[in-house]
Amino acid sequence: MAIINFSSITFSGIKSEIEAFLKEEYNKSGILFSPASPYGHILSVIENLHQMSILYLKNAINQFDLSDPNSNNPRIIRNAALVAGHNPGRAISATGTLKLTLKADSNIDSDISGGRLTISNKTLLKNNTNALSYSLNIGTDTVTHKITPNYTFYLPIIQGTWKQKKFTSNGNQLQSYSVTEIGSKDVENFNVEVIVNGDIWSTKKHIWEMLPDEKACVVRTGFNGGVDIVFGNEGYGLIPTISSIIEINYLITYGSTGNIFRRTSNDWKFIDDVIDGSGETINITDLFNVDIYTDINFGADGETIAFTKNILPIASNNFVLGLPQQYAYEIKKLGVFSHVNAYEKTGTVFVVATPNVRLFKNQNANYFTVDIRAFSLDRYEKSKIDKYLKTGGNIQLTKKYKIDSPTLSYYIMNIFVIPYSDSTDDSVNSQILDKISEYFLDLTRIDRIPKLDLIRELSTITDIHSIDIQFVSKKNEDYHKENMTKILNTQESYDSRLKTDVSVRRTSNYNQNTVIGLDPILGDILFEPEELPIIRGGWYDRNNIYYSSDIDGNQMKSVNIIKKGVVDSKNRNNT
Amino acid sequence: MLYERKQLPELLYMKHRSDTDDDFVKYDDKILDNSLTPYIFKNDMMFGFLKRLQPLVSILFDHMNSIKNWKNYIVDSYNYKHIK
């Protein structure tokens, strides 16, 4: 490290010495050799380029220790993950289906020659609202439809544009190629094709999956983003012969941006050609109504660096789905679930997944206003996970699994706050709600939500002097309410004129000190693997106080912010 | 530049003759062209000087690429074409 410091200082030193020398030698040096002059400009640029290189070197050396919380260099973390055997997930394209119905005013005879139209796979179309490109994903090279009045057909689509890069084979064993994209674009996680001299080679996850001389290759997430392609060594996979042309076709995706949840009609433009019976190009949107038939969803962004660091300890290198953790790992890698938990009961692995609510809520909604259904999986989403598990890993024989939505456990929060005198209530309240919303949207806890987590988040609000929080659990309130009602009913059933002893017999197991869903001492939220705690009202507590599910208004609600006085703003800096 | 220098030009051509990957920056052709104001290059003497200086500056980046490729066993350690 001393050498690096020495060299970076020396470069600046040399530059200063040159400038000092020039100033001494020439009396106009201040004008001719200032930073604004050509030579000054060149020297500054070269100095900056040099410093950038040294800075990168310093960062690279400092950040090899991944346990350091400040180690956040994406390249280094990704490289370490790849060497450790984890294949970081790339962005996943949104997929869905379009429905095309012949318009009532279309004339088949005059508008569609031959009454047929032919559509090619990977035909590019554009969504007018989000301006992103989508490609047809019909599974065959072309499909021809014979058009009749009111004819309807369906087109599966995938967000992204197909791109191709070619490389020349050098004929060596285990030859490898790197495909990268510039900017925020990413190579899609599943859609990569490798063609060698015109033949499609199958793609595998590991060299050992390839058979001797099999036309196959390994496709992995690249060290620099994009993908890396590795060919075999005869024993495991065929070696492309020298000078073979290797074509790599891949989908460029914008991940979660490609999700479309509104079903606007005729919001599409076909960029590539659709051909009629006589080979002429037709404008399909003039003749057909284009509707979204199934939601275009499941688009997700690539794995974040924080996620890669967190998932490394449970990385599974053997592609076998056996243990519950391996199921959780595979599904978490998809990136579309904010909360994944897996547990085994009587030989069946139960996978509980909550969709990443951020992907499904509209921009103005927050955690408290998003539809409650967003926390559950519908049948279509479950079938997609099922398909992914079957293609993503080798499911252990005799192992059964079940995909479930989590059981929602309702909580409300009471927040006691002392703000500074110069802050407004509205500002403090909105900041508190924002912090809580962000925390629960990114919930990563799997069995306990410590109060400390939230207090830590809320402590960053500068307008607050002191704060405490309290959770109220619906399960707990229901338990006490139900048993208290039972006791009251029992008491009322006694007639004191006939029976003098009206004390309750201890027939039930009711214990008024029981606390369900909360830590009885610390007050943290506790939950089971199949549960997901949510902060949402819409229920009564044991004293019949109603907590509204609406986050606005003065009534008791999901989050109740209770002001316990103010502290003079002069004390802001006395911390 | 180091990547090209370490092999015979004819072999380099043969190894890449079908390549279509052009999403990269060739430092020895571009680094000063892209970093300095274009007005400086209008002076003939300066143009010649900078064009000779450019490969020397690019070597800095080529050496840095070997650090960027430190754990990357997929490509040659001096390969700069895939580095963003």
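Predicted model, so just to flag it, every value in this text is computed and none were measured.

Student: Account for unusual backbone geometry, with residues named and values stated.
Tutor: Residues and elements named next belong to chain A. One non-glycine residue, Asn150, lies in positive phi territory at about 60 degrees. Tracing the backbone shows Asn150 in the loop between strand S5 (142–146) and strand S6 (152–159). Although it is not a glycine, Thr346 sits at a positive phi angle of roughly 45 degrees. For Thr346, the location among the structural elements is in the loop between strand S19 (337–345) and strand S20 (348–355).

Student: Break down the sheet that holds strand S16 (residues 281–282) of chain A for me, citing the residues and quoting the values.
Tutor: All names here are of chain A. Spatially, S5-S2-S15-S16 is the arrangement adopted by the 4 strands of the open sheet, whose pairing is antiparallel. Every other strand in the sheet has two partners, leaving S5 and S16 as the edge strands with one partner each. Pairing analysis gives 5 bridges linking strand S2 (residues 116–120) to S5, with the strands arranged antiparallel. What sits directly across from Thr118, in S5, is Thr144.

Student: I'd like to hear about helix H3 (residues 38–62) of chain A, residue by residue, with values.
Tutor: Between its first and last C-alpha, H3(A) extends 36 Å over 25 residues, near the 36 Å set by a 1.5 Å rise per residue. Considered for burial, the residues of H3(A) that qualify are Gly40(A), Ile42(A), Val45(A), Ile46(A), Glu47(A), Leu49(A), His50(A), Ser53(A), Ile54(A), Tyr56(A), Leu57(A) and Ala60(A).

Student: Account for the sheet that holds strand S7 (residues 161–168) of chain A, naming residues and giving values.
Tutor: Residues and elements named next belong to chain A. Judged by pairing direction, the sheet is mixed, and its 7 strands sit side by side in the order S7-S13-S9-S10-S11-S12-S8 without closing on themselves. Bordering the open sheet on either side are S7 and strand S8 (176–179), each of which pairs with just one other strand. If you compare each strand with its neighbour and ignore which way they point, the axes differ by 30 degrees on average. Note: strand S9 (residues 186–196) against strand S13 (residues 245–253), 7 bridges, orientation antiparallel. Bridging from a neighbouring strand, Ile195 pairs with Glu247 of S13.

Student: How would you sum up the interface of chain B and chain A? Please name residues and give values.
Tutor: Many analyses report the size of an interface as the accessible area lost when the parts associate. On the side of chain A, 37 residues touch chain B, which itself brings 34 residues to the contact. At the boundary of chain B with chain A, total buried surface from both sides reaches about 3,300 Å², with 66% on carbon and sulfur atoms. Taken together, the connections running from chain B to chain A amount to 0 salt bridges. Taken together, the links from chain B to chain A amount to 5 residue pairs in polar contact (both at pLDDT 80 or more). Broken down by secondary-structure element, the contributors of at least two residues to the side of chain B that touches chain A are helix H2 (9–15), helix H3 (27–35) and helix H4 (44–68) of chain B. At 9 residues, H4(B) tops the list of elements feeding residues into the side of chain B that touches chain A. Looking at the side of chain B that touches chain A residue by residue, the class counts come to 18 nonpolar, 8 polar and 8 charged.

Student: Go over the pattern of salt bridges with me, naming the residues and quoting the values.
Tutor: Side chains that carry opposite charge are capable of pairing whenever their charged atoms lie near each other. Residue and element names in this part refer to chain A. In total, this model carries 18 salt bridges over all chains according to the counting rule given. Close ionic contact of Lys215 with Asp199 constitutes a salt bridge, the shortest N to O distance being 2.9 Å. Here Lys215, found in the loop between strand S10 (199–204) and strand S11 (216–221), pairs with Asp199, found in strand S10; they are 16 residues apart in sequence, far enough to count as distant. Assessed through its relative accessible area of 40%, Lys215 is described here as partly exposed. The partner of Asp404 in a salt bridge is Lys402, and the shortest N-O contact between them spans 3.4 Å. Residue classification places Lys402 among the partly exposed residues on the basis of a relative accessible area of 41%. Residues participating in the shared-partner salt-bridge network are Arg445, Asp453 and Arg456.

Student: Mind laying out the environment of Glu4(B), listing which residues take part and the relevant values?
Tutor: Residues and elements named next belong to chain B. Summarising the element assignment, Glu4 is placed in helix H1 (residues 2–5). Spatially, the C-alpha atoms of Glu4 and Tyr78 are 8.9 Å apart, while their sequence positions differ by 74 residues. Among residues more than four places away in sequence, those in contact with Glu4 are Leu12, Lys26 and Tyr80. Engagement of the side chain of Glu4 in a polar contact is seen with the side chain of Tyr80, the distance being 2.5 Å.

Student: So, the pairing of S11(A): which residues are in play, and what are the values?
Tutor: Residues and elements named next belong to chain A. Summarising burial for S11: 6 of the 6 residues are buried, a large majority. Inspection of the sheet shows S11 paired to strand S12 (residues 227–231) by 5 bridges, in the antiparallel sense. The residue of S12 that forms the bridge with Arg220 is Asp228. Counting the residues in the hairpin turn of S11 and S12 gives 5 residues, including Gly225, whose phi is positive at 85 degrees.

Student: Which residues make up the packing of aromatic side chains, and what values go with them?
Tutor: All names here are of chain A. Per the stated rule, a full pass over the model turns up 23 aromatic pairs over all chains. Geometrically, the ring pair formed by Phe167 and Tyr177 is tilted, given 5.2 Å between the ring centres and 35 degrees between the ring planes. Of the two residues, Phe167 is situated in strand S7 and Tyr177 in strand S8; the sequence distance between them amounts to 10 residues. Each member of the pair Phe167 and Tyr177 is classed as buried. In this structure an aromatic cluster arises from ring pairing among Tyr367, Phe368, Phe375, Tyr439 and Phe440. Geometry around Trp162 places Lys122 over its ring, the cationic atom sitting 4.2 Å from the centre.

So, how was this worked out
Residues numbered from 1 in each chain as written. Chains lettered and ligands numbered in written order. Predicted model: local features only at pLDDT ≥ 70, side-chain atom pairs only at ≥ 80, totals over all residues. Heavy atoms only, no water. Helix = DSSP H or I, 4+ residues; strand = E, 2+ residues; numbered from the N terminus. Pairing = 2+ DSSP bridges. Expected span 1.5 Å × (residues − 1). Buried < 20%, exposed > 50% of the residue type's maximum accessible area, 1.4 Å probe, protein only. Axes fitted to C-alpha atoms, helices over the stretch in contact; angles between N-to-C directions. Contact = heavy atoms within 4.5 Å. Buried area = accessible area lost by both parts, 1.4 Å probe. Salt bridge = Lys/Arg side-chain N within 4 Å of Asp/Glu carboxyl O. Polar contact = N/O pair within 3.5 Å; in protein donor to acceptor, adjacent residues only side chain to side chain. Nonpolar A, V, L, I, M, F, W, Y, C, P; charged D, E, K, R; others polar. Phe/Tyr/Trp six-rings, centres within 6.5 Å; stacked < 30°, edge-to-face > 60°. Lys NZ or Arg CZ within 6 Å of the ring centre and 35° of its normal.

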